[in-house]
Amino acid sequence: MAERVAGKVALVTGGAKGLGEADARALAAEGAQVVLTDVDLAAGQAVADDIGAVFKPQDVTDEARWQAIIGEIRSDFGALHVLVNNAGIVLPGNIESQTYAQYRAQLAVSADGAFLGAKHAIPLMATSGGGSIINMASVVSKLAYSGVVSYAAAKGAIEGMSRSIAAHCLESGYRIRCNSIHPGVINTPMVQNFGAQVGESATDVAQPPEGPLPAEAGVMGAPRNVADLVVFLASDESAFITAQEFVIDGGMSMLPAPLVQDSRP
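Since the model is a prediction, treat every value here as computed from it, not as a measurement.

What follows is about the confidence of the model for the protein. Scored by pLDDT, the protein has a mean of 89; 86% of the residues are at 70 or more. Under a pLDDT of 50 for its full length, residues 258-265 has, in the predicted model, 20 contacts with residues more than four places off or in other chains.

This is the structure:
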C-alpha cells in the first residue's frame, strides 16, 4: 500500500542516522512531508536532500529550539500531524559505575526531549485536526539489564509519559494518539557503538539490512523493521490505537534471562 501518510506533515528527531533515518525515509516514501532534526548537521542534511525532506538543526534538550522549530513548521506548512520522538543516546554503566553526569545526559536527551517535543507539538497538532505522537522507548524498560541503568531509566520514563500524554489528549478532545515503541537490538550505529564500548561485536547476530526476521528469537533487527511500525502508527490505519506499548524485538524478551543480560562495562 503506497501513500499511507500522504498529506501529513511529520517531524522526526534524531533523523540523521539509525532508527530516525529509517523512520524519516519510510514516512517520506509513503507520502509524508518530513521535517527531520539532529545535532549531526552534515548527516542530517544529506538524508533530507536524499528523500526530499527539510532538515533543521536541533538539540532536543533546548526548549527554546523546540519552540522555534514548531513555530517554523506552523509558518511553513500550517500543520503538524506526526511527531516521532526518536532522539536518544546510550552510555554503558551499571548503578555503581555510571556517573551522575552520564545519568543526567541520557535522561535529558531521551526523556526530556520527548517531554518537550510533545508539550510544544500538541497545540499545533490539535489545530491540525489531530495526529499521532510516537515515542521511541526500548525493551530495556521491561527487562532486567544491569549495564544500562540510566538508559533503562530514560526509556522507562518515556513509557509512562506516553500513557499520560495519551490520557491528556483524550480528555482534551484533541484526537491526538500517543504510543510508545520498544525495540530490541536493532542494527544501528548507536548499537554498534555500544557494542564497541563494552567490547562486544553486535554484528555477530546481525540480520541482513532489509531482510525478514528468521525463526530464531532474540536476533538483531533492521531499522526498517521499526520504521514499518512507525508508518503504521503515523497513518490512519492506527486511528483507534492510543496509550499502547509496542515491543518489536524478534522475540528477544521471551528468552531466558541469562541469555539477554548485558555485559558489564
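Now that the structure is up, let's keep going.
Turning our eyes to something else, we now look at empty space enclosed by the protein. Throughout the structure, instances matching the rule amount to two cavities of 30 Å³ or more. Roughly 50 Å³ of internal volume is contained in the largest cavity. Along the walls of the largest cavity sit eleven residues, with Ile 186, Gly 221, Ile 248, Asp 249 and Gly 250 positioned nearest its centre. The residue makeup of the lining of the largest cavity, split by class, is six nonpolar, four polar and one charged. Here the second largest cavity defines a volume of roughly 30 Å³. Broken down by element, the residue count for the lining of the second largest cavity peaks at four residues, all from helix 4 (residues 100-127). Taken together, the residues of the lining of the second largest cavity sort by class into five nonpolar, five polar and no charged.

Attention now moves to the pairing of strand 6 (residues 176-183). Extensive coverage of strand 6 is indicated by the burial of eight of its eight residues. Side chains of strand 6 alternate between two faces, with Ile 176, Cys 178, Ser 180 and His 182 and Arg 177, Asn 179, Ile 181 and Pro 183 buried alike. Bridge count for strand 5 (residues 131-136) against strand 6 is six bridges, and the pairing is parallel. Considered in strand 6, the bridge of Ile 133 is made with Cys 178. After leaving strand 5, the chain enters helix 5 (residues 149-172) and then returns to the sheet as strand 6, a path that is right-handed. Where strand 6 and strand 7 (residues 245-248) come together, four bridges link them in parallel fashion. The partner of Ser 180 across the bridge, within strand 7, is Glu 245.

On to the nonpolar core, then. Core analysis: the largest hydrophobic core is formed by 31 residues, its most contacted members being Leu 11, Ile 73, Leu 80, Ile 133 and Ile 165. Of all the secondary structure elements, the ones that give two or more residues to this core are strand 1 (9-13), helix 3 (63-77), helix 4, helix 5 and strand 6. Ranked by residue count, the leading element in this core is helix 4, at ten residues. With 30 residues, the next largest nonpolar core counts Met 136, Ile 181, Ile 186 and Leu 233 among its residues.

Now for the environment of Met 252. In this fold, Met 252 is placed in the segment after strand 7. Taking C-alpha positions, Met 252 is 8.9 Å from Met 220, a pair spaced 32 residues apart along the chain.

Ordered by their spatial adjacency, seven strands build an open sheet running 3-2-1-4-5-6-7, and the pairing between neighbours is parallel. At either margin of the open sheet sits one strand with a lone partner, and together these are strand 3 (54-57) and strand 7. Across the sheet, the axes of successive neighbouring strands diverge by a mean angle of 20 degrees, strand direction being ignored. Helix 7 (residues 223-234) rests against strand 4 (82-85), strand 5, strand 6 and strand 7 of the sheet, and its axis sits at about 170 degrees to strand 6.

Another point: helix 3. For helix 3, with 15 residues, the first-to-last C-alpha span of 21 Å sits near the 21 Å given by 1.5 Å per residue. If you check which residues of helix 3 are buried, you get Trp 66, Ile 69, Ile 70 and Ile 73. The buried residues of helix 3 occupy an angular sector of 95 degrees when the element is viewed end-on, so they sit on one face. Contact partners of the buried residues in helix 3: strand 1, strand 2 (33-38), strand 3, strand 4 and helix 4. Backbone nitrogen of Ala 64 and a side-chain oxygen of the N-cap are separated by 3.0 Å at the start of helix 3; the cap is Asp 62. A positive phi of about 75 degrees marks Gly 78, the residue just after helix 3.

This next bit is on helix 2 (residues 41-51). Residues that lie three or four places apart on an α-helix share one face, since the helix turns once every 3.6 residues. Among the residues of helix 2, those classed as buried are Gly 44, Val 47, Ala 48 and Ile 51. For helix 2, the buried positions fall inside an angular range of 100 degrees around the axis, keeping them on one side. Facing away from the buried side of helix 2 by over 90 degrees, the exposed positions are Ala 42, Asp 49 and Asp 50. Residues of helix 2 that are buried make contact with helix 1 (18-29), strand 2 and strand 3.

With that settled, consider the environment of Gly 250. Position of Gly 250 among the secondary structure elements: in the segment after strand 7. For Gly 250, a relative accessible area of 29% translates into the label partly exposed. The spacing of Gly 250 and Ile 186 is 64 residues in sequence and 9.8 Å in space, taken between C-alpha atoms.

The rules behind each value
All chains use their own residue numbering, which begins from 1 and follows the written sequence. Selection of residues for local features in this predicted model requires a pLDDT of at least 70, selection of side-chain atom pairs for listing and counting requires 80 or more, and totals for whole chains, interfaces and linings are taken over all residues. Side-chain numbers here rest on the full set of heavy atoms in the structure, without hydrogens or water. Confidence of the predictor at the level of single residues is captured by pLDDT, which takes values from 0 to 100. Any two residues having at least one pair of non-hydrogen atoms within 4.5 Å are treated as being in contact. Here a cavity denotes grid points, spaced 1 Å and computed from the protein atoms alone, that fit a 1.4 Å probe unable to get out, and a pocket denotes an open set having protein on both sides within 12 Å along at least 5 of 7 lines; residues with an atom within 4 Å of a point are the lining. Grid points are joined across faces, edges and corners, and a volume is the space filled by probe spheres set on the points. When residues are grouped by polarity, Ala, Val, Leu, Ile, Met, Phe, Trp, Tyr, Cys and Pro land in nonpolar, Asp, Glu, Lys and Arg in charged, and all others, Gly among them, in polar. Secondary structure elements follow DSSP: runs of H or I no shorter than four residues count as helices, runs of E no shorter than two count as strands, and numbering proceeds from the N terminus. Categorising residues by exposure relies on relative accessible area from a 1.4 Å probe, with only protein chains included: less than 20% of the type maximum marks a residue as buried, more than 50% marks it as exposed, and the intermediate range marks it as partly exposed. Whether two strands pair depends on DSSP finding at least two bridges between them. The definition of a right-handed crossover adopted here requires that, viewed with the strands pointing away, the path from the first strand over the helix to the second runs clockwise. Working definition of a nonpolar core: buried Ala, Val, Leu, Ile, Met, Phe, Trp, Tyr and Cys residues. They are joined through side-chain atoms within 4.5 Å. Axis angles are defined between N-to-C directions and span 0 to 180 degrees, where every axis is a line fitted to C-alpha atoms and, for a helix, only to the segment in contact. How far a helix is expected to stretch is found by multiplying one less than its residue total by 1.5 Å. Starting at the helix axis, one direction is taken to each C-beta atom, and the arc is that of these directions. Polar contact criterion, stated in full: a pair of N or O atoms within 3.5 Å, where within protein one must be able to donate a hydrogen and the other to accept it, and residues adjacent in sequence count only if both atoms are side-chain atoms.

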